[in-house]
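# Structure assessment
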Amino acid sequence: MFHVEHGAGPMAINGNEQFEVIVVGGGHAGCEAALASARMGCATLLVTQNPDHIAQMSCNPAIGGLAKGHMVREIDALGGEMARAIDDTGIQFRMLNTRKGPAVQAPRAQADKKKYRERMRSALEMQANLAIHQGDVKRLLIENHEVAGVETLAGSLYLSGAVILTTGTFLKGLIHVGMTSFPGGRAGEPPAVELADDLLSLGFEIRRLKTGTPPRLHAETIDFDTLVPLEGDPVPPPFSFSTRAITRPQVPCYITYTNEKTHEIIRKGLDRSPLYSGKIKGIGPRYCPSIEDKVVRFPGKGRHQIFLEPEGLDTMEIYANGISTSLPLDVQTGFVRTISGLENALIMKPGYAVEYDFVLPTQLLPTLETKKIRGLFHAGQINGTSGYEEAAAQGLLAGINAVQHLRGKEPVVLKRSEAYIGVLIDDLVTRGTEEPYRMFTSRAEHRLLLRHDNADLRLCEKGYGLGLVSTDEHERFLMKKDLIHKEMARMQKKTIVPSPDVNEVLGRLGSAPIQGRTSIFQLAKRPELNYENLSVLDTGRGPLPKEVCSICETEAKYEGFIQREKDQVMRYDEMEGIRIPEEIEYGQIQSLSREVQEKLNRVRPLSIGQAARISGITPAAISILLIYLKNKRCRIG
């Protein structure tokens with residue numbers, strides 16, 4: 001027998017379906033969580049409202065971008081599915097920031113929205129140990145502060161020792177178009193009201209967020225001849241380390257801009273905007289504001305850029321990236337038709353805003369398990385994040401740690417110096433968020449160590465050890481790693497002796513002459529030289545994969561900076577190694593202010609390093625905590 005801990009009576013469990021892991025929600029977090037759990041050998045159930053909407057791209061039809069592309073490659077290195085899915089269904093691939101340093105370069109791809117959804121659903125359906133059931137979960141089954149399963153609106157009971165909630169924007173979702181509001185997790189789909197109430201009754205602290213989408217336009221009503229095309233890279237860069245080449249047809253996006261006439265129509269419609277009338281209470285994304293927000297907050301800006309992105313090869317829908325809005329449809333139509341190229345544009349789907357509940361992520365352990373209920377994990381927008389990539393990364397780690405929890409094994413917690421995924425999860429559980437959290441390269445202290453090109457070098461061994469990376473993929477990785485090691489050694493050993501011919505070549509390359517014997521590795525440090533043009537001097541060099549050459553060049557060119565970051569990591573690791581006892585009573589440390597005591601009690605950091613990252617915890621407070629821990633150990637000793 002078990003019972004719902006917050007008051008309902010007991011229920012019999014005989015005859016109900018039993019699984020090891022249950023994943024609630026079929027979005028990007030749910031897909032990765034379910035696949036990871038099943039691939040690690042656990043009997044897994046994915047419960048979703050509508051299997052046809054698995055991996056739905058509710059917002060822009062794209063994967064990757066700055067920092068987000070890094071996380072997709074990390075997901076791939078750990079054995080996740082997102083990178084392979086976008087490689088199979090992408091219709092435009094670009095490497096961003098190629099004129100900047102390697103730390104901030106990242107891949108991005110437009111997706112064929114329908115094909116991506118079908119591709120991910122197929123991966124789920126073909127996966128052993130994984131079942132998909134259609135249903136709406138209304139409550140969790142709890143026994144002695146541990147999760148025991150879920151109950152659906154239809155009354156079905158599914159039992160398990162671990163549950164992962166990946167509810168997206170569905171918890172009490174409310175959609176706004178102008179002054180009209182209606183319940184919905186996204187357009188055309190009902191919200192999860194009962195589950196939201198259940199979480200509240202279990203004592204979770206819940207807040208409200210808001211996000212939105214732009215209108216979708218009919219391609220045949222757009223004058224593309226007047227717009228600036230944005231082509232993908234001639235050789236599309238894959239996301240997955242296992243993808244040899246992208247062979248699908250590629251298409252351009254197009255660029256246009258709003259103007260003063262556009263802004264005037266928007267300003268006149270603000271009295272009917274739910275955002276500015278006070279109807280929307282949730283906090284929206286600061287880094288991806290609606291067009292209303294842009295016009296109001298930046299009154300001196302004469303235009304705002306818009307990317308017109310195709311949603312697929314077999315659809316006329318165009319995603320108008322840059323004009324997210326919740327204004328009434330007539331206002332949307334009015335301002336859209338003031339934009340160059342869109343004078344006759346037909347809106348196929350209006351833009352809208354959606355408000356939804358999220359659970360404050362400081363109530364989670366670094367494993368994404370909740371502190372209140374053992375075996376319950378949260379991943380994705382339920383934790384206050386925005387973006388498919390952030391959701392997928394959390395889903396993957398939640399799936400891994402749900403299995404580790406069931407097996408009594410050490411959890412997988414990625415350090416901030418190991419992965420952007422580690423930065424993401426640490427930020428959430430340590431600092432929390434008051435607005436939709438979005439990953440940026442600036443959030444990572446060790447960007448040169450966390451490049452997109454070395455994600456496999458950082459994480460593939462972990463994925464293989466967990467059973468998520470196949471033997472074949474692991475062997476390919478080991479071959480690549482060996483090639484890099486040997487080529488780095490060769491570059492350091494191979495030296496060039498100064499001579500008139502050598503210095504004449506260097507002069508042609510725009511580089512200063514050498515005065516003494518110099519290694520290829522040292523020459524590669526020069527900004528005007530690179531691995532490719534050094535081949536003139538580096539005779540006898542054998543052919544190598546492009547990715548190997550690129551990593552060797554980066555490691556040479558940024559050697560000093562990379563070593564500096566590694567030294568910083570060693571110092572940070574010392575702080576992480578000082579563990580804080582779970583039973584510590586911060587209220588007993590009288591030297592700490594009440595505010596600091598409250599913050600430490602709320603987060604319950606596991607180490608001094610984590611405590612130091614809590615917003616508002618000063619170095620002085622850390623010193624007091626260190627002294628207290630030292631004295632306590634001395635007393636115990």
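The structure presented is a predicted model; accordingly, all values stated were derived computationally and were not measured.

Glancing now at helix α4 (residues 113–126). For α4, spanning 14 residues, the distance from its first C-alpha to its last is 20 Å, which sits close to the expected 20 Å at 1.5 Å a residue. Here α4 has its buried residues at K113, Y116, R117, R119, M120, A123 and L124. Across the axial projection of α4, the buried residues extend over an arc of 165 degrees, all falling on one side.

Here the focus is the packing of aromatic side chains. Throughout the structure, instances matching the rule amount to 4 aromatic pairs. Aromatic pair F93 and F239: ring centres 6.5 Å apart, planes at 55 degrees, arrangement tilted. Of this pair, F93 sits in strand β7 (residues 90–96) while F239 sits in the loop between β18 (228–230) and β19 (253–257), and the two are 146 residues apart along the sequence. Looking at F93, the relative accessible area reads 0%, which means it is buried. On the accessibility criterion, F239 (0% relative accessible area) is buried. Their ring planes at 45 degrees and their centres at 4.7 Å tell us that F224 and Y254 sit as a pair that is tilted. Taken together, the positions of F224 in the loop between β17 (216–218) and β18 and Y254 in strand β19 put the pair 30 residues apart, joining distant regions of the chain. With a relative accessible area of 22%, F224 lands in the partly exposed category. A cation sits over an aromatic face here: R443 above Y437, 4.1 Å from the ring centre.

A separate point is the sheet that holds strand β5 (residues 44–48). The strand order across the open sheet built from 5 strands is β9-β5-β4-β13-β24, with neighbouring strands paired in parallel fashion. The open sheet terminates on both sides in strands that have one partner only, identified here as β9 (130–134) and β24 (376–378). Strand after strand, the sheet turns through a mean of 20 degrees between neighbouring axes, direction not considered. Pairing analysis gives 5 bridges linking β5 to β9, with the strands arranged parallel. Of the residues in β9, the one forming a bridge with L46 is I132. Sitting on the sheet, helix α9 (residues 388–407) is in contact with β4 (21–24), β13 (162–165) and β24, with an inclination near 165 degrees to β13.

A few words now on the environment of D223. Locating D223 in the fold gives a position in the loop between β17 and β18. Separated by 117 residues in sequence, D223 and S340 place their C-alpha atoms 8.4 Å apart.

Our focus in this paragraph is the packing of α9 against helix α10 (residues 420–431). Packing of α9 against α10 brings their axes to within 10 Å, and their N-to-C directions diverge by 85 degrees. In this view, α9 runs roughly perpendicular relative to α10, as classed from their interaxial angle. Packed against α9, whose contacting residues are E390, A393, Q394 and L397, the element α10 presents I421, L424, I425 and L428 at the interface. Classifying every residue of the contact of α9 with α10 by side-chain character gives 6 nonpolar, 1 polar and 1 charged.

What follows concerns the confidence of the model for the chain. On average, residues of the chain carry a pLDDT of 94, and 97% of them reach 70 or more. Across residues 1–14, where pLDDT falls below 50, the model places 33 contacts with residues more than four positions away in sequence or in other chains.

Counting 70 residues, the largest nonpolar core has I63, Y116, I164, L397 and I421 as the members making the most contacts within it. Counting residues per element, this core draws most heavily on α9, which supplies 10 residues. Apart from the residues within four sequence positions on either side, Y116 is in contact with H28, A55, M57, I63, M82, A85, I86, T89 and A111. Ranked by size, the runner-up nonpolar core spans 26 residues in total, among them L140, L202, I373 and I382.

A word on the pattern of salt bridges. Scanning the model with the defined rule gives 48 salt bridges in all. Notably, a salt bridge pairs R84 with E473, separated by 3.4 Å at the nearest N-O pair. Of this pair, R84 sits in helix α3 (residues 82–89) while E473 sits in helix α12 (residues 471–493), and the two are 389 residues apart along the sequence. The closest approach of N and O atoms between K113 and E311, which form a salt bridge, is 3.2 Å. Linking K113 in helix α4 with E311 in the loop between β20 (305–310) and β21 (317–321), this pair joins segments that are 198 residues apart in sequence.

A few words on the sheet that holds β7. An order of β6-β8-β7 is seen for the 3 strands of this open sheet, with the pairing classed as antiparallel. Only two strands of the sheet have a single neighbouring strand rather than two, namely β6 (62–64) and β7. Across the sheet, the axes of successive neighbouring strands diverge by a mean angle of 15 degrees, strand direction being ignored. Taken together, the 3 bridges between β6 and strand β8 (residues 106–111) define a ladder with antiparallel strand orientation. When the sheet's bridge partners are listed, A62 is paired in β8 with Q110.

Rules and cut-offs
- Residues numbered from 1 in each chain as written.
- Predicted model: local features only at pLDDT ≥ 70, side-chain atom pairs only at ≥ 80, totals over all residues.
- Heavy atoms only, no water.
- Helix = DSSP H or I, 4+ residues; strand = E, 2+ residues; numbered from the N terminus.
- Expected span 1.5 Å × (residues − 1).
- Buried < 20%, exposed > 50% of the residue type's maximum accessible area, 1.4 Å probe, protein only.
- Arc of directions from axis to C-beta.
- Phe/Tyr/Trp six-rings, centres within 6.5 Å; stacked < 30°, edge-to-face > 60°.
- Lys NZ or Arg CZ within 6 Å of the ring centre and 35° of its normal.
- Pairing = 2+ DSSP bridges.
- Axes fitted to C-alpha atoms, helices over the stretch in contact; angles between N-to-C directions.
- Contact = heavy atoms within 4.5 Å.
- Parallel < 35°, antiparallel > 145°, perpendicular 65-115°, else oblique.
- Nonpolar A, V, L, I, M, F, W, Y, C, P; charged D, E, K, R; others polar.
- pLDDT = per-residue confidence, 0-100.
- Core = buried A, V, L, I, M, F, W, Y, C linked by side-chain atoms within 4.5 Å.
- Salt bridge = Lys/Arg side-chain N within 4 Å of Asp/Glu carboxyl O.

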